[in-house]
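Examining the three-dimensional arrangement
Listed below are the residues making up each chain.
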Amino acid sequence: MSSQKLFVAFPEDLVAKPMIYELIRRFDVVPNIRRANVEAHSGWMILELDGPPGARDAAIDWLVAQGCTVNPMEGDVVAG
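Read on for a plain summary of the structure.

Focus: the side chain of Arg-56
- If you trace the backbone, Arg-56 turns up in helix H2 (residues 53-66).
- One buried charged side chain, Arg-56, makes no salt bridge at all; its nearest oppositely charged neighbour is Asp-57, positioned 5.6 Å away.
- The contacts of Arg-56, once residues within four sequence positions are left out, are Ser-2, Ser-3, Gln-4, Val-29, Leu-49, Asp-50 and Gly-51.

Some points on the pattern of salt bridges
- Per the stated rule, a full pass over the model turns up 3 salt bridges.
- In this structure, Glu-22 and Arg-25 form a salt bridge, with 2.9 Å as the shortest nitrogen-oxygen distance. Highlighted residues: Glu-22 and Arg-25, both in helix H1 (residues 19-27), separated by 3 residues, approximately one helical turn.
- Linking Glu-22 and Arg-26 is a salt bridge whose minimum nitrogen-to-oxygen distance equals 2.8 Å. Of this pair, Glu-22 and Arg-26 are both found in helix H1, 4 residues apart, which corresponds to roughly one turn of the helix.

A look at the sheet that holds strand S1 (residues 2-11)
- The antiparallel open sheet is built from 4 strands, whose spatial order is S2-S3-S1-S4. Each of the sheet's edge strands pairs with one partner strand only, and the pair in question is strand S2 (30-38) and strand S4 (69-72). The mean angle between the axes of side-by-side strands here comes to 20°, regardless of whether they run parallel or antiparallel.
- Across 8 bridges, S2 lies against strand S3 (residues 42-51) in antiparallel orientation.

Criteria and cut-off values
- Residues numbered from 1 in each chain as written.
- Predicted model: local features only at pLDDT ≥ 70, side-chain atom pairs only at ≥ 80, totals over all residues.
- Heavy atoms only, no water.
- Helix = DSSP H or I, 4+ residues; strand = E, 2+ residues; numbered from the N terminus.
- Buried < 20%, exposed > 50% of the residue type's maximum accessible area, 1.4 Å probe, protein only.
- Lys, Arg positive; Asp, Glu negative; His and termini not counted.
- Salt bridge = Lys/Arg side-chain N within 4 Å of Asp/Glu carboxyl O.
- Contact = heavy atoms within 4.5 Å.
- Pairing = 2+ DSSP bridges.
- Axes fitted to C-alpha atoms, helices over the stretch in contact; angles between N-to-C directions.

Encoded structure:
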């Protein structure tokens, strides 16, 4: 399995939905939340997504279709 680092932002209507659970259940990927901020009106997370490339791509497409903004990241997201 390989990993991809992503910045995922989500709007107010998705804040209360179990998005990470759905990624695991639907696409059999392994998410690792490195940082996150969730508030009543919006949220974001820095996510490492492990799994086969096709499953990762499908998971990202699903997030976008739900209304999330997804951007690839590079570098060490924990270092600072």
